[in-house]
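What follows is the residue order along each chain.
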Amino acid sequence: MKEKNKMANFYEIVLTVLKSDERFVAEDGTFLRNAVYEAAMKMDEGLIHLLLANDETRTRFFAEVDGIKVFDKMGFAWVINNRQFLPDSYTRFKNKIGLVDGSEQMLSTSGGVELIFPYKDCVLEGGQTREDQKRQEIFYNETLAPDEVDRLLYPKVLTNVCKYSADGKKQVSEFREKDNIIFRGNNLLALASMLRRFEGQVKCIYIDPPYNTGDDGFGYNDHFNHSTWLTFMKNRLELAKRLLRSDGAIFVQIDHHELGYINVLMDEIFGIENKVQIIAVKTASPAGFKTVNPGPIDVTEYILFYTKNKSAFRFKKGYVPVGYNKNYNLVLTRSENVEDWEFTPIKEAVIRDAGFASEKDAKKQYGDAWKVILNHLIEEYAFNHADNVVSIRDPHKPTDTVKRLMEQSKSVDHVLEYKREDGTAAYIYHGGALAFYSNKMREIDGEPTVTELLSDFWSHISWAGIAREGGVKLKNGKKPEKLLKQIFDIATDPGDIVLDYHLGSGTTCAVAHKMGLQYIGCEQLDYGQNDVVVRLQNVINGDTTGISKAVNWQGGGSFVYCELAKLNQTIVEEIEAATDDATLSDIYGSMIKSGFISYKVNPADIDAAAEDYAALSLEDKKRFLMEILDKNLLYVNYCDIDDEEFGISDEDKAFTRSFYREG
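What counts as what
Residues numbered from 1 in each chain as written. Predicted model: local features only at pLDDT ≥ 70, side-chain atom pairs only at ≥ 80, totals over all residues. Heavy atoms only, no water. Helix = DSSP H or I, 4+ residues; strand = E, 2+ residues; numbered from the N terminus. Buried < 20%, exposed > 50% of the residue type's maximum accessible area, 1.4 Å probe, protein only. Contact = heavy atoms within 4.5 Å. Areas by Shrake-Rupley, 256 points an atom, 1.4 Å probe, with all protein chains shown as cover. Salt bridge = Lys/Arg side-chain N within 4 Å of Asp/Glu carboxyl O. 1 Å grid on protein atoms, 1.4 Å probe; cavity = no way out; pocket = protein on both sides within 12 Å on 5 of 7 lines; lining within 4 Å. Points joined across faces, edges and corners; volume = space filled by probe spheres on them. Nonpolar A, V, L, I, M, F, W, Y, C, P; charged D, E, K, R; others polar. Core = buried A, V, L, I, M, F, W, Y, C linked by side-chain atoms within 4.5 Å. Arc of directions from axis to C-beta. Pairing = 2+ DSSP bridges. Axes fitted to C-alpha atoms, helices over the stretch in contact; angles between N-to-C directions. Expected span 1.5 Å × (residues − 1). Polar contact = N/O pair within 3.5 Å; in protein donor to acceptor, adjacent residues only side chain to side chain. Phe/Tyr/Trp six-rings, centres within 6.5 Å; stacked < 30°, edge-to-face > 60°. Lys NZ or Arg CZ within 6 Å of the ring centre and 35° of its normal. Patch = residues over 30% accessible without salt bridge, like charges linked within 9 Å, V, L, I, M, F, W, Y side chains within 5 Å.

Enquirer: Before we move on, can you summarise the overall build of the protein with the specific residues and values?
Expert: A tally of helices and strands in the protein yields 22 helices and 24 strands. Here the protein holds 663 residues, and the buried ones make up 49% of them. Of the contacts made within the protein by residues no fewer than 6 positions apart, 71% connect residues no fewer than 24 positions apart. For the protein, the accessible area works out to roughly 32,600 Å², and carbon and sulfur atoms hold 48% of it.

This is how it looks when you write it as C-alpha cells:
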C-alpha cells in the first residue's frame, strides 16, 4: 500500500511539472497527454529541460553516463501512459475493485500492431446512421491472455436444429456427410467447433469481413484500432487455415483502409510463397455522392487470393466478356489455295453488307448518328463472322521456323501456312501471325461471348441491381452473386466444400447452393426478413435472380440450420439492449446469482464501491458488466451437454453428437 501511495504522489509531481508548460494544457484546462507523448518521442528540448529542472523527475527519467544525463524516453512514456496516471472515472473504479488487466501501459499509444489475444464478441447495433455505412456490428473487445483462455475454444453444443428443404422445415437429430449447414453464433467459436467435423476438408473460403472504416465498430485511435482489428482477423484466419484442404484457397475481400495490414497478416499466416494475387474489383462508378470526396474517387475494393499450398492448388483459367477488339480489323475471304486468300478492311465489309456503295452514302442517310451506327455494325459483324475476322499480330515466343516465315512474308503478298507442334494449321501474313476472332469466343452463362483471359482487375461484374438478388437486402454490405461465381469457377469443382464465416445476407451460400457446392456458413446477426435463412429458402424454392439463369437453376436441395447454445451470450445481448440503470441492476443481480463471472473480481469489493459504480455513465456500466462476465462461458461447451441446468433437448443432443461423430 505504501508503494502504491508513493507512486500516486510521484504521478502528481509529474503532472504538476508537465502542466507548467502551456503546450501541454488545453484552453479548458485539459491535460494533453498525447502532446506530451509526441514531444518525448521527438526528444523535445523544452520537455527535457522541464524534466531536468525537477529533482524527482530528473532522478527517475535520466541516467548519468560519463557525466552526461541520458533521457529514458521509453521509461517516461511508460509512466504517462500508465493506467494509474491521470485515470478516468471508469479506470479509477476498476482499480478500486481490483479489476485490472496484466498490462499497465495504455494500448492506445503503444505504437504496436499486435495484441496478445483480444476476444471480441459481436452483437447487433440498433441501426445505421448514414447511407454509405457497411453493415453494422459492435465488437466488445477484451484482451484475454493465453493462460486465461480456458474453455473458450472448446466445441459447443448445437441447438435449435432444423433442416429446410422444398418440403418445408423439420427438426432433425442427425448430421449427414453431404449436408449444407448454417451456424448462428460467434464465428470464432463456430470455427473452433467446425474443426472436429471439417478440418482439412474445405476447398475454398471467401470472407467479406468488417472493413475497419471507423463506421463498423472498430472506431478506436489508429494504433489500437489496427491492433484490435488485426488480432480479430488473425484468431479466425488461423482456424480457417486448419479447415482448408491442402489444395484449398482463401479469398478475403477488403477496401483500402486495411489492405496493407491484412496483406502482411496473410503473408504471415499462409506464407508469402502461397500468395497468388491481390485482385482489384471495380465496385462502383465515379458518380453520385462519391464525386464530392477529395482526391481520386474510390471505386475499387480488393480480394486477397492465397492458397494453403500453391504447389498443390490446381489453377483454372477464367474468361471474362469483353467488347469488340479493334485490332481485329480485317475480313478474310477464303479459297482452296491459301495463297489466294484475300483480305478486306472490316469497315468496308460492313458498309457493303449494310447495302451502301460507300461510307459517303451512309453518312448522307444517317448524318451525325452514322459513327455510332457504324461502331455497332462492326461489333455485330465481327461477332457473326468470327471465323473470318482476323488481326495480324506478333506471335508469342515464335520458333525459328516462325521467325523465318515472318521475315519471308514481308516480301510476298500472300499468306504462308505452317504446322504447329500439335499438328494444327497456322498462318503468317505481312510479317505477323493471323489471329482469328473466333478464338476469343467462349460460352459464358450459356451464351456465346467474346472473351479475354481473366486478369487481376475485375471490371466485368456489375454491382447495379444486386439489392433484389435472393429476395433480401443488406445495404452496402451485399456482394453480387456473379462475383462469388467467378471465384468458385476458378477455385472449385462440383461437390467441393466452401465456407464463409462473415456470411451477412448469405450470397456465398446462395451461389454455392445453385452451383452444386457443399457449403458452411456462419453469421451471428439475425437480419430478420433479410436473413440468410430467408434467402436460402428462396433459393430452394427456385429463386430466379443473380446467377440462376446462368446455371439454369430450377430450385431444390436443402440446408441444416443450428445455433451455438447460449450461456453468458444471452447476458451479452441483454446488456447491449439495456437503456436504463434499473435494467442493468437486474442484469447484475442475475449475473451474481449464476456465478458465471470473472475470477478477477470479488462481488464484495463491488458492493463496497457502490457509490463509485453509481457515478459511472450508462455506457461505462455496460462496459463494466461486460468485463466481469466469464468469457469462457458465452456458450455451452459440448462436454457439458448432459448438464440438466442447460436444458439441452434430446434431439439437439443427438444432432450435436452426430455432428462431432460421436452419435
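Enquirer: An account of the pattern of salt bridges is needed here, citing residue identities and associated values.
Expert: Applying the stated criterion across every chain, the model contains 29 salt bridges. Of the charged contacts, one joins E177 and R661 as a salt bridge, the two residues approaching to 3.6 Å between their closest N and O atoms. Within this pair, whereas E177 is found in the loop between β6 (168-170) and β7 (181-184), its partner R661 is found in the segment after α22 (650-659), the two being separated by 484 residues in sequence. Overall, E177 belongs to the partly exposed group, its relative accessible area being 43%. Overall, R661 belongs to the partly exposed group, its relative accessible area being 44%.

Enquirer: If you had to explain empty space enclosed by the protein to someone new, which residues and values would you point to?
Expert: For the coordinates displayed, the defined rule picks out 3 cavities of 30 Å³ or more. One number sums up the size of the second largest cavity: a volume of about 90 Å³. Lining the second largest cavity we find 15 residues, and of these D208, G477, K479, L503 and T507 sit closest to its centre. Of the residues that constitute the lining of the second largest cavity, the class distribution is 4 nonpolar, 6 polar and 5 charged.

Enquirer: An account of the environment of M266 is needed here, citing residue identities and associated values.
Expert: As for its placement among the helices and strands, M266 is situated in helix α9 (residues 259-270). The class for M266 is buried, based on a relative accessible area of 0%. When near neighbours in sequence (up to four residues on either side) are disregarded, M266 contacts L237, I250, V252, G271, L304 and Y306.

Enquirer: Can you lay out the nonpolar core for me, pointing to particular residues and giving the numbers?
Expert: Among the nonpolar cores identified, the biggest contains 84 residues, and I181, F183, M194, L237 and L625 are the most heavily contacted of them. Apart from residues no more than four positions distant in its own chain, I181 is found in contact with F175, F198, Y519, I520, G521, V560, C562, F655 and F659. If you look at the next biggest cluster of nonpolar residues, it comprises 40 residues, including V281, F313, V533 and I547.

Enquirer: Which residues make up helix α16 (residues 532-540), and what values go with them?
Expert: Among the residues of α16, those classed as buried are V532, V533, R535, L536, V539 and I540. Seen from one end, α16 has its buried residues packed into an arc of 160 degrees, which puts them on one side. Those residues of α16 that are buried lie in contact with β5 (158-165), β7, α14 (481-491), α15 (507-515), β23 (518-523) and β24 (558-564). One or two residues past the end of α16 sits G542, with phi positive at roughly 100 degrees.

Enquirer: Run through unusual backbone geometry, naming residues and quoting values.
Expert: Peptide bonds are trans in most cases, and residues, glycine excluded, mostly fall at negative phi. Within the chain, D66 stands out as a residue other than glycine whose phi angle is a positive 50 degrees. Mapping D66 onto the fold places it in the loop between β1 (62-65) and β2 (68-71). Despite not being glycine, K397 has its phi angle at roughly 50 degrees, a positive value. Relative to the helices and strands, K397 is located in the loop between β15 (389-393) and α13 (400-409). Residue class for K397 comes out exposed when judged on its relative accessible area of 69%.

Enquirer: Report on the sheet that holds strand β20 (residues 447-453), specifying residues and quantitative values.
Expert: Whether parallel or antiparallel, the strands of a sheet pair through hydrogen bonds between backbone atoms. The antiparallel open sheet is built from 3 strands, whose spatial order is β12-β20-β19. The two strands at the open ends of the sheet, each matched to only one other strand, are β12 (319-321) and β19 (441-444). Within this sheet the neighbouring strands show an average axis-to-axis angle of 65 degrees, counted without direction.

Enquirer: So what about α9? Which residues, and what values?
Expert: For α9, spanning 12 residues, the distance from its first C-alpha to its last is 16 Å, which sits close to the expected 16 Å at 1.5 Å a residue. Along α9, the residues that are buried comprise L259, I262, N263, L265, M266, D267, I269 and F270.

Enquirer: Tell me about the side chain of R535, and please be specific about residues and values.
Expert: Secondary-structure assignment places R535 in helix α16. Here E481 takes part through its side chain, which lies 3.0 Å from a polar atom of the side chain of R535. Beyond its immediate chain neighbours, meaning those up to four positions away, R535 contacts E469, G470, V472, K478, E481, S505, G506, T507 and A510.

Enquirer: Would you mind going over the sheet that holds β15 in detail, with residue names and values included?
Expert: Spatial ordering of the open sheet is given by β14-β13-β15-β18-β17-β16, a layout of 6 strands whose pairing is antiparallel. Each edge of the sheet is formed by a strand with only one pairing partner; in this case those strands are β14 (342-345) and β16 (416-419). Strand after strand, the sheet turns through a mean of 45 degrees between neighbouring axes, direction not considered. Here 4 bridges tie β15 to strand β18 (residues 432-436), and the two strands are oriented antiparallel to one another. Paired with S391 across the bridge in β18 is A435. Each of β13 (330-333), β14 and β15 is contacted by helix α10 (residues 346-353), which is oriented at about 80 degrees to β14, the strand it contacts most.

Enquirer: I'd like a rundown of the environment of F646, residues and numbers included.
Expert: Relative to the helices and strands, F646 is located in the loop between α21 (618-628) and α22. When the C-alpha positions of F646 and K566 are compared, they lie 9.1 Å apart, and in sequence the two are 80 residues distant.

Enquirer: Describe the packing of aromatic side chains, naming the residues involved and giving the relevant values.
Expert: Overall, the coordinates contain 26 aromatic pairs when judged by the stated rule. Consider the rings of F61 and F76, whose centres lie 5.1 Å apart with planes at 90 degrees: the pair is edge-to-face. Here F76 lies in helix α5 (residues 73-80) and F61 lies in helix α4 (residues 55-61), a separation of 15 residues in the sequence. Here Y328 and Y437 contribute two aromatic rings whose centre-to-centre distance is 5.1 Å and whose plane-to-plane angle is 55 degrees, an arrangement assigned as tilted. You can see Y328 sitting in the loop between β12 and β13 and its partner Y437 sitting in the loop between β18 and β19, a full 109 residues away along the chain. Feature note: the residues F175, F183, F198, Y638, F655, F659 and Y660 constitute an aromatic cluster, connected by ring pairs. For the cation-ring pair, R196 lies above Y660, with the distance from its terminal atom to the ring centre recorded as 5.6 Å.

Enquirer: Hey, could you go over a nonpolar patch on the surface for me, with residue numbers and the actual values?
Expert: On the surface, a cluster of nonpolar side chains totalling about 250 Å² of accessible area is made up of V65, I68 and V70. Tracing the sequence through the fold places I68 in strand β2.

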